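# A closer look at the structure
Here is how the chains run, residue by residue.
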Amino acid sequence: MARMTMHVNIDCTETNTWKLLQAHYEEIQNTTLNNLFHQDPKRIDYLSFEEGKFFFDFSKNHLTQETIGLFKKLASEVNLELAKKAMFEGEKINQTENRAVLHTALRNLDNNPIYLDGENIMPLVFNELEKMKLFNQKVESGQHSGFTSKKINSIVNIGIGGSDLGPNMVCEALKPYWRNDVTPYFVSNIDGNHISNILKHLDPETTLFIIASKTFTTEETMTNAKTARHWFLKKGSLSDVSKHFVAVSTNEQKVTEFGIDANNMFKFWDWVGGRYSLWSTIGLSIVLTVGYDNFLSLLRGAEKMDKHFKEAPFEQNAPTLMAFLGVWYNNFFNAQTQAILPYDQLLAHFSKYLQQADMESNGKSIDRNGQTITHQTGQIIWGEPGTNGQHAFYQLIHQGTKIIPCDFIAAAKPPHALIAHQDILIANFIAKTEALMTGKSPETVEKQLKMQGLTDDEIKKLMPFKVFTGNRPTSTIFMNELTPETLGSLIALYEHKIFAQGVIWNVFSFDQWGVELGKQLAGTILKEIRNNSVNPQHDSSTQQIINKYLELKRT
Ligand code: G6Q
């Protein structure tokens with residue numbers, strides 16, 4: 001057990017501040033956001049700030065200076081600072097797996113020593129970075145080429161969950177930075193449609209497969225990797241495999257058993273959680289796609305956010321404020337979900353990525369003392385880029401019965417020259433947060449309908465449907481531009497938000513026993529499918545579905 005245990009495992013709901021927050025909630029819940037602005041037009045001064053290349057505005061949220069003061073007290077009661085120190089200094093805070101949580105070491109470009117079990121782990125980190133740098137040089141220069149000496153032009157990352165979502169999202173987000181002679185592909189799903197639809201576009205002579213798996217035992221990844229090798233061997237020979245297959249893993253034995261030479265293996269370590277691993281060699285597909293220097297900038301951006309999280313005062317600490325806001329809505333306002341709305345097509349995979357990072361980390365119902373939790377924990381994370389989402393689900397955000405706090409994310413300067421598009425995009429980005437807060441009053445509706453020539457009777461009938469109550473909370477995260485560096489900061493911002501929430505909710509954010517269970521369950525049924533026999537111990541519904549599959553398979 002880690003040293004910090006005695007100091008940090010506090011049930012937030014039993015703190016004095018939680019009760020004060022409850023009382024404060026009773027007071028503030030009926031004050032609209034509009035009224036908060038009327039009561040204190042200067043709220044923007046303390047609820048918005050610049051940080052590096054970011055501008056944060058939290059003022060369109062149900063909070064006041066008093067709320068922030070209470071959050072701050074709660075942070076101290078749950079020992080947030082101590083918990084941060086424990087994570088950054090490599091204590092084994094992932095207690096159920098007895099592991100440290102050191103993804104921050106992977107972007108510690110300042111190279112300050114970080115000790116784990118008495119060993120400074122930074123040389124390990126820099127070794128692997130160097131290895132990726134050299135490999136990238138070789139691939140880029142053609143020194144590492146395919147078996148017919150043709151240059152590699154397709155990179156296929158085969159991985160799932162944490163070994164897929166991060167690099168996939170980053171590659172998509174950094175499309176303007178892609179080398180022009182290489183295309184990345186991502187295969188994750190065991191569904192044969194996924195790999196077959198990708199392979200049909202590829203040439204084995206110019207394709208490099210990265211088998212990315214922390215454990216190197218994940219069934220989907222191993223099956224896809226075998227399929228890829230089989231496909232490759234239709235053209236290439238066994239001795240060519242080393243030119244076209246590399247592995248990223250913590251498990252050297254399994255990698256070599258699979259037939260990938262240990263020299264073609266990029267390492268990472270058990271102190272890097274899967275969903276926090278894009279900063280490690282799991283980022284190899286990123287390096288090969290956008291180049292090593294851009295990968296370093298991504299790390300640098302994350303390192304900047306780490307410093308901000310460690311050093312910024314509470315009132316201007318973006319990840320901390322976002323964490324508390326999430327708790328505020330989740331536990332007091334009864335909000336169940338949190339929408340992530342990037343007004344940037346390049347961030348198309350961002351909410352999907354965060355879904356895993358957040359929901360796998362804080363979707364827990366047992367506290368750090370092993371007791372069942374009675375308060376709400378992890379938020380349901382979802383979202384789509386704007387403006388597409390506006391034409392789909394925003395109706396519910398505007399007029400539905402649920403409160404859905406939204407994060408609006410955008411970059412001011414686009415990587416393209418279509419300024420007319422960008423102005424419209426950003427106008428929508430800004431207009432939506434305004435509309436969600438201010439709504440549309442009956443007076444405005446009446447005026448508009450009168451101008452359209454409707455009769456009083458018609459106006460009366462239509463009125464309830466056309467009025468928007470507003471009062472829907474949003475946070476604005478506005479960047480100068482989306483670069484490798486700002487993207488690194490943006491991802492780390494959410495990582496720390498998730499961490500701080502885990503501390504407040506008193507859960508272990510870095511294990512994932514639910515995922516492990518999922519990995520085991522299918523095995524039993526797979527055996528039955530392969531043996532063509534159903535175990536009568538399943539419930540009758542499950543038996544029937546297995547039988548149905550066996551029957552359909554035969555026809
Ligand atoms: C992440 C999870 C999970 C994991 C995948 C893939 O935090 O543990 O999403 O990344 O199940 O696991 P492997 O990398 O071991 O194949």
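Look a little higher up for the structure.
Residues numbered from 1 in each chain as written. Predicted model: local features only at pLDDT ≥ 70, side-chain atom pairs only at ≥ 80, totals over all residues. Heavy atoms only, no water.

### Considering the environment of Ser242
Keep this limit in mind: Helix and strand assignments come from DSSP, with helices taken as H or I runs of at least 4 residues and strands as E runs of at least 2, each series counted from the N terminus. Throughout, a contact is declared for two residues whenever any of their heavy atoms are within 4.5 Å.
Mapped onto the secondary structure, Ser242 falls in helix 11 (residues 241-244). Considering only alpha carbons, one finds Ser242 and Phe147, 95 residues apart in sequence, at a separation of 9.2 Å. With near-sequence residues (within four places) excluded, Ser242 lies in contact with His144 and Asn264.

### Looking at the site of the ligand
Formally: If a single non-hydrogen atom of a residue is within 4 Å of a molecule or strand, that residue counts as near it. As used in this structure description, the phrase polar contact means that two N or O atoms lie within 3.5 Å; if the pair is within protein, one of them must be able to donate a hydrogen and the other to accept it, and residues adjacent in sequence are counted only when both atoms belong to side chains. Residue burial considers only the protein chains on display, and all accessible areas are found by Shrake-Rupley using a 1.4 Å probe. Residue polarity follows a fixed list, in which Ala, Val, Leu, Ile, Met, Phe, Trp, Tyr, Cys and Pro are nonpolar, Asp, Glu, Lys and Arg are charged, and the others, Gly among them, are polar.
Close contacts around the ligand come from 14 residues, with Ser163, Ser213, Thr215, Thr218 and Gln356 the closest. Within the side chain of Ser213, one N or O atom sits 2.6 Å away from an oxygen atom of the ligand. Taking Arg275, its side chain carries an N or O atom lying 2.7 Å from an oxygen atom of the ligand. Considered on its own, the ligand offers 400 Å² of accessible surface; in the complex 93% of this is hidden by protein. Partitioning the shell around the ligand into residue classes produces one nonpolar, nine polar and four charged.

### What to know about the nonpolar core
Soluble globular proteins tend to bury their nonpolar side chains together. Spelled out, the test is: Nine residue types can take part in a nonpolar core, namely buried Ala, Val, Leu, Ile, Met, Phe, Trp, Tyr and Cys, and a core is a set of them joined through side-chain atoms within 4.5 Å. Each residue is assigned to one of three classes by its accessible area relative to the maximum for its type, calculated with a 1.4 Å probe on protein chains only: buried under 20%, partly exposed between the two thresholds, exposed over 50%.
In terms of nonpolar packing, the biggest core is built from 116 residues, with Trp271, Trp328, Phe350, Leu487, Leu490 and Tyr494 touching the most fellow members. For Leu487, the contacting residues outside a window of four places in its chain are Met169, Val170, Ala173, Leu174, Leu298, Leu347 and Leu482. Core analysis: the next-biggest nonpolar cluster, separate from the first, contains 22 residues, Ile195, Met222, Ala247 and Ile260 among them.

### Let's talk about helix 16 (residues 350-362)
Rule in force here: Working rule for helices: expected span equals 1.5 Å times residues minus one.
Over its 13 residues, helix 16 extends 18 Å from the first C-alpha to the last, a length consistent with the 18 Å expected when each residue adds 1.5 Å. Of all 13 residues that make up helix 16, ten are buried, and the element is covered over most of its length. Those residues of helix 16 lying buried are Phe350, Ser351, Tyr353, Leu354, Gln356, Ala357, Asp358, Glu360, Ser361 and Asn362. Buried residues along helix 16 sit against helix 8 (165-173), strand 10 (337-342), strand 11 (380-382), strand 12 (406-413), helix 21 (484-505) and helix 22 (513-531).

### Considering the sheet that holds strand 10
Using the following cut-off: Whether two strands pair depends on DSSP finding at least two bridges between them. Every axis corresponds to a line fitted to the C-alpha atoms, with the helix fit spanning only the stretch in contact, and the corresponding angles, defined between N-to-C directions, vary from 0 to 180 degrees.
If you walk across this open sheet you meet the six strands as 1-2-13-12-10-11, and the pairing is mixed. Bordering the open sheet on either side are strand 1 (48-51) and strand 11, each of which pairs with just one other strand. Ignoring which end each strand starts from, the neighbouring axes of this sheet average 15° apart. Judged from the four bridges that link them, strand 1 and strand 2 (residues 54-57) form a sheet pairing that is antiparallel. Counterpart to Phe49 in the pairing with strand 2 is Phe56. Contacts between helix 18 (residues 419-438) and the sheet are confined to strand 12 and strand 13 (474-481), with strand 12 contributing the most and set at about 150° to the helix.

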